[in-house]
Amino acid sequence: MPSLGFGRTVQSAIYGAGAFGHRPLVPTDSTALEAAARRTMSRNGFGYVAGSAGSEATARANVAAFDRWQVVPRMLVDTTARDTGVELFGRRHESPLLVAPVGVLSMAHDEADLALARGARQQHVTQIISTQASVPMEEIASTLRGSSHWYQLYWSSDDDLVASLVARAEACGSEALVVTLDTAYLGWRPRDLDLGHLPFARGEGIAQYTSDPVFQRRVAERVARQSAERSSPSNSAETQPRPRPTAAAIGTLLSMSRNHPGRTRDNLTAKEPRAAVETFLEVFSRPSLTWDDLPRLRELTSLPIVLKGILHPDDARRAVDAGMDGIYVSNHGGRQVDRSVAALDALPDVVAAVRDAGSSAPIIFDSGIRCGADVFTALALGATAVGIGRPHVYGLALAGSDGVAEVLRNLRAELDLQMGLTGCASLADVTVDRLRRAP
Ligand SMILES: Cc1cc2nc3c(=O)[nH]c(=O)nc-3n(C[C@H](O)[C@H](O)[C@H](O)COP(=O)(O)O)c2cc1C
């Protein structure tokens, strides 16, 4: 008897459990998933994850862009054996899904990136570890226990720190380096602004930094400098007015102390946690970064380099010319530029530019993927693989690693059935002629 295939197996398991009164851990519908996560998450946490830049027009456009495509199923194709696998940088992936890099997962769940790692591993989905993760990359890699991972780099203004982060990513087994280019500055995010909430200022999401030897050196230098300044006669404590502590300030101090390495109790009176936040805010990004800097990164690593945030075909061509190994079409889920082109609308021109340049480099896509049909559409428009962003965070918030696994499982199952129902036996069949523009 032929196997049911992944989609039908998952479907049967859900209906089978339903017969005994069990409901899925997380809703299969993405709107219901977000609504359920909103109910469990803190206001600050949900605002940080769901929020986007400015009017949030980009985030809406990302999702709406999928509605302008329709799938045209083909009949009488034998799809009993379906293969959703894809090869990326020499490794076979069971599905074309990747876990997009998402920072500050401690806002969603106490086990943060470690729970994510367990969920991704269970579904054999490669995790892209964020530079803004809540847990050092080495711990995430060891939780993944051989399941593949890539490392996402924010290019710091501190060259030595960049070199150190890249070396650590290589050492802990990351198989590719994803350089995010769209975050020279943090976007204008009204939900966070109105709450006055920046997780990094509370010491959250800076674990890659506080676990880094170069960064630790910078923090020690800052503490020494500040001590010297304080002990100089013109700056003596008596001449400095002491700000009155507020409940919020105490909360921030607690958060910094909890998130800093070491014992919270010791951190409460130490200078390092605050100095780490200050140092991070100083070195986080390098707005002066240009194409001329890429060769330096190439010298630092033998890993494949993927540029994330590409939306213009000319930038895609330049990336190919610069010898980059992959292109990642993304507008950061609308979190950076308000009224940006929807990522899906940018995809076809980028694909054409890369392929016309004679490059077979993988083209990763994210920003707006919410269901299996969205994965199908992005692949049909030329993406090699897609990143799952907010949905995995909502799964994490609702049910930890099991929630992550279920979100990823559902997307894999839905894609598998979508392929079967449209006459696609493998991803090679998922081509643009399965789509048409909605009338
Ligand atoms: C809460 C949050 C944090 C994110 N952090 C990062 C990050 O640290 N690095 C990065 O390259 N992208 C980051 N992103 C962007 C994602 O990688 C991805 O591009 C985006 O989530 C895709 O949009 P979607 O989730 O709406 O599909 C973040 C996105 C969210 C929602």
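All values reported here derive from a predicted model rather than from experimental measurement.

S.K.: Just checking my understanding: could you explain helix H5 (residues 112-122) for this structure?
M.R.: Along an α-helix, a turn takes 3.6 residues, which lines up residues three or four apart on a common side. With nine of its eleven residues buried, H5 lies for the most part within the structure. When H5 is considered as a whole, its buried residues turn out to be Ala112, Asp113, Leu114, Ala115, Leu116, Ala117, Gly119, Ala120 and Arg121. Residues of H5 that are buried make contact with strand E4 (97-99), strand E5 (126-129), helix H6 (137-144) and helix H18 (390-421). Positive phi shows up at His124, right after H5, with a value of about 55°.

S.K.: I would appreciate a short explanation of the sheet that holds strand E6 (residues 149-153) in the present structure.
M.R.: The strands making up a sheet associate through hydrogen bonds between their backbones, and the pairing can be parallel or antiparallel. Strands sit in the order E4-E5-E6-E7-E8-E9-E10-E11 around a closed barrel of eight strands; the barrel is parallel. Strand after strand, the sheet turns through a mean of 30° between neighbouring axes, direction not considered. The pairing of E6 with strand E7 (residues 177-180) spans three bridges and is classified as parallel. Opposite Gln152, over in E7, you have Val178 as the bridge partner.

S.K.: Even after reading the chapter, I still don't get the environment of Ile250, so can you show me in this structure?
M.R.: Position of Ile250 relative to the elements: it lies in helix H11 (residues 247-259). Residue classification places Ile250 among the exposed residues on the basis of 11 C-beta atoms within 10 Å. Here the alpha-carbon distance between Ile250 and His197, two residues 53 residues apart in the chain, equals 15 Å.

S.K.: What am I meant to see in the nonpolar core here?
M.R.: The nonpolar side chains of a soluble globular protein tend to be buried, and buried together. Among the nonpolar cores identified, the biggest contains 114 residues, and Leu177, Ile327, Val329, Leu347 and Val350 are the most heavily contacted of them. With 13 residues, H18 is the single largest residue contributor to this core. Here this core spans two domains, since at least three of its residues come from each of domain 1 (26-185 + 286-437) and domain 2 (202-233 + 245-283). Residues contacting Val350, with those up to four places away along its chain left out, are Ile310, Pro313, Ala316, Ile327, Val329 and Ile363.

S.K.: Just checking my understanding: could you explain unusual backbone geometry for this structure?
M.R.: Across the chain, the bulk of peptide bonds are trans and the bulk of non-glycine residues have phi less than zero. Positive phi outside glycine occurs at Phe89, with the angle close to 50°. With respect to the helices, strands and loops of the structure, Phe89 is situated in the loop between strand E2 (86-88) and strand E3 (91-93). With a phi angle near 65°, His332 is a residue other than glycine that sits in the positive phi range. The residue His332 is located in the loop between strand E9 (326-329) and helix H16 (343-356) in this model.

S.K.: Would you mind going over the site of the ligand with me for this structure?
M.R.: Around the ligand there are 23 residues in total, and Ala100, Gly103, Thr180, Gly333 and Gly389 lie nearest to it. Split into classes, the residues belonging to the shell around the ligand amount to six nonpolar, 13 polar and four charged.

S.K.: What exactly am I supposed to notice about the domain arrangement of the protein here?
M.R.: Note on interface size: it is often stated as the accessible area lost on association of the parts. Splitting the protein by domain gives domain 1 (26-185 + 286-437) and domain 2 (202-233 + 245-283). For domain 1 versus domain 2, the distance between C-alpha centres works out to 32 Å. Counting residues per element, the side of domain 1 that touches domain 2 draws most heavily on helix H7 (residues 159-171), which supplies four residues. Taken together, the residues of the side of domain 1 that touches domain 2 break down into eight nonpolar, eight polar and two charged.

S.K.: Would you mind going over the packing of helix H10 (residues 213-231) against helix H13 (residues 272-283) with me for this structure?
M.R.: Angle between the axes and distance between the axes are the two parameters that describe a pair of packed helices. Interaxial distance between H10 and H13 falls to 9 Å at its minimum, and their mutual angle equals 110°. Taken together, the axes of H10 and H13 lie roughly perpendicular to each other. Seen from above, H10 lies across H13 with right-handed handedness. Here Phe215, Arg218, Val219, Arg222, Val223 and Gln226 of H10 come into contact with H13, specifically with Glu272, Ala275, Ala276, Glu278 and Thr279. Its residues placed into classes, the contact of H10 with H13 shows five nonpolar, two polar and four charged.

Parameters at a glance
Here, residues in each chain are numbered from 1, in the same order as that chain's written sequence. With pLDDT at 70 or above as the cut-off, local features in this predicted model cover only qualifying residues; side-chain atom pairs require 80 or more to be listed or tallied, and sums for whole chains, interfaces and linings still use all residues. Put simply, a residue is buried when 20 or more other C-beta atoms lie within 10 Å of its own C-beta and exposed when 12 or fewer do; between those, it is partly exposed, and each C-beta is set from the backbone. Helix and strand labels come from DSSP, where a helix needs a run of H or I of at least four residues and a strand needs a run of E of at least two; each type is numbered from the N terminus. By definition, residue pairs are in contact when their C-beta atoms, positioned from the backbone, come within 7 Å. Strands are treated as partners if at least two bridges between them are detected by DSSP. The angle between two axes is taken between their N-to-C directions and runs from 0 to 180 degrees, where each axis is a line fitted to C-alpha atoms and a helix contributes only its stretch in contact. Remark: nonpolar core denotes a set of buried Ala, Val, Leu, Ile, Met, Phe, Trp, Tyr and Cys residues whose joining runs through C-beta atoms within 7 Å. Delimitation of the domains relies on an automatic or database domain assignment. Note on definitions: a residue is near a molecule or strand provided its C-beta atom, placed from the backbone, lies within 6 Å of it. Residue classes follow a fixed rule: Ala, Val, Leu, Ile, Met, Phe, Trp, Tyr, Cys and Pro count as nonpolar, while Asp, Glu, Lys and Arg count as charged, and any other residue, Gly among them, counts as polar. Angle categories: roughly parallel below 35 degrees, roughly antiparallel above 145, roughly perpendicular from 65 to 115, and oblique for all the rest. Here a crossing is called left-handed whenever its near helix is offset anticlockwise from the far helix by less than a right angle, and right-handed whenever the offset is clockwise.

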